[in-house]
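# Examination of the molecular architecture
The lines below spell out each chain.
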Amino acid sequence: AQSVSQHNHHVILSEAASLELGCNYSYGGTVNLFWYVQYPGQHLQLLLKYFSGDPLVKGIKGFEAEFIKSKFSFNLRKPSVQWSDTAEYFCAVNARGADFNKFYFGSGTKLNVKP
Amino acid sequence: GAGVSQSPRYKVAKRGQDVALRCDPISGHVSLFWYQQALGQGPEFLTYFQNEAQLDKSGLPSDRFFAERPEGSVSTLKIQRTQQEDSAVYLCASSKSGGAPGELFFGEGSRLTVL
């Protein structure tokens, strides 16, 4: 089975600081990669996704992520965070092939941005 | 509707009671998923429907868990004889396509507490 690791469980930053959240996955085949965000009291929503092509993908609200195949990583970045980015962030992997219907999620990273 | 709707949002059950959780996916979405999210963890796959067909139920933790989607729209997750370890947020998600799901659209979840 696949697994997804998010090593940062809780991150505290001040506004305007740069953000990088790590995500590593274990799966040898071709994958689709996602970052989902859950704002307080809201549902999970898609931040960005990678299926193929340019490994640097841009999402909503100034977020971007880079797929590095050799490192099995899909780290999330933002150059300058805002208080409104306070949320929990989940990395997810979806394999192509037999397990196409399963998404494997990391345990999440809680980001707290201090105003 | 505009998004995935789940009810009830909160459910408290005594150990041994049966519960039913409802999911109303985005209209026209072919695929429907149930996930379980324990406290401090990421969502974990329970089951998957393509229209009314339950194509994968490999994630259901025991035979006390049962899901259905009889008309290919609304789905119900039923848990019989609830146990304390069933306490979690149950997330429903839908996606437009019937093949590789691409993006998942999540509901706000049903938080189940078993006393």
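Summary of the structure given here. Numbering of residues starts from 1 in every chain and runs along the sequence as written. Written order determines the labels here, with chains lettered from A and ligands numbered from 1. In keeping with the predicted nature of the model, local features appear solely for residues at pLDDT of at least 70, side-chain atom pairs appear and are counted solely at 80 or more, and the whole-chain, interface and lining totals rest on all residues. Excluding hydrogens and water, the side-chain figures rest on all heavy atoms present in the structure.

## As for the environment of Q17(B)
Residues and elements named next belong to chain B. By definition, any uninterrupted DSSP run of H or I lasting at least four residues is a helix, any uninterrupted run of E lasting at least two residues is a strand, and each is numbered from the N terminus. On the secondary structure map, Q17 appears in the loop between β2 (10-13) and β3 (19-24). With sequence-adjacent residues up to four places away left out, Q17 is seen in contact with V12, I79, Q80, R81 and T82. The term polar contact refers here to a pair of N or O atoms within 3.5 Å; inside protein, the definition further demands a hydrogen-donor-capable atom paired with an acceptor-capable atom, and it admits residues adjacent in sequence only when both atoms are side-chain atoms. A distance of 2.9 Å separates a polar atom in the side chain of Q17 from the backbone nitrogen of K14. Note on definitions: a residue-residue contact is assigned when non-hydrogen atoms from the two residues lie within 4.5 Å.

## Remarks on the packing of aromatic side chains
What characterises a pair of aromatic rings is the spacing of the ring centres plus the angle enclosed by the ring planes. Side-chain rings of Phe, Tyr and Trp, where Trp is taken by its six-membered ring, are said to pair if the distance between their centres is within 6.5 Å; with planes under 30 degrees apart they count as stacked, over 60 as edge-to-face, and otherwise as tilted. The full count for this structure, using the stated rule, is 16 aromatic pairs over all chains. Taking 4.8 Å as the distance between ring centres and 35° as the angle between the ring planes, the aromatic pair formed by Y50(A) and F67(A) counts as tilted. Taken as a pair, Y50(A) in strand β6 (residues 45-50) and F67(A) in strand β8 (residues 64-68) lie far apart in primary sequence, 17 residues in all. As far as the burial class goes, Y50(A) and F67(A) line up, both buried. An angle of 40° between the planes, with centres 5.6 Å apart, marks the rings of F63(A) and Y89(A) as tilted. One end of the pair, F63(A), is in the loop between β7 (56-58) and β8; the other, Y89(A), is in strand β10 (residues 87-95), with 26 residues separating them in the sequence. For every residue, the accessible area (1.4 Å probe, protein chains only) is compared with the maximum for its type, and the residue is labelled buried under 20%, exposed over 50%, or partly exposed between those bounds. Under the relative-accessibility criterion, Y89(A) is labelled buried at 0%. Three or more aromatic residues link up through ring pairs in this structure, and these residues are F34(A), Y36(A), F51(A), F100(A), F103(A), F105(A), F33(B), Y35(B), F45(B), Y48(B) and F106(B).

## Let's talk about the state of the cysteines
Cysteine sulfur pairs qualify as disulfides if the two atoms are within 2.5 Å. One pass over the structure, following the stated rule, counts two disulfides over all chains. Disulfide pairing places C23(A) opposite C91(A) at an S-S distance of 1.9 Å. Because the sign of the S-S torsion sets the handedness, a value of about -65° for the bond joining C23(A) and C91(A) places this disulfide among the left-handed ones. On the criterion of sequence distance, the pair formed by C23(A) in the loop between β3 (19-21) and β4 (24-26) and C91(A) in strand β10 is long-range, its members being 68 residues apart. Each member of the pair, C23(A) together with C91(A), is buried. Covalently, C23(B) is tied to C92(B) through a disulfide, its sulfur atoms 1.8 Å apart. Residues C23(B) and C92(B) are joined through a disulfide that is left-handed, its torsion about the S-S bond being -65°. With C23(B) in strand β3 and C92(B) in strand β9 (residues 88-95), this residue pair connects regions lying 69 residues apart in the sequence. Across this residue pair, the class does not change: C23(B) and C92(B) are buried.

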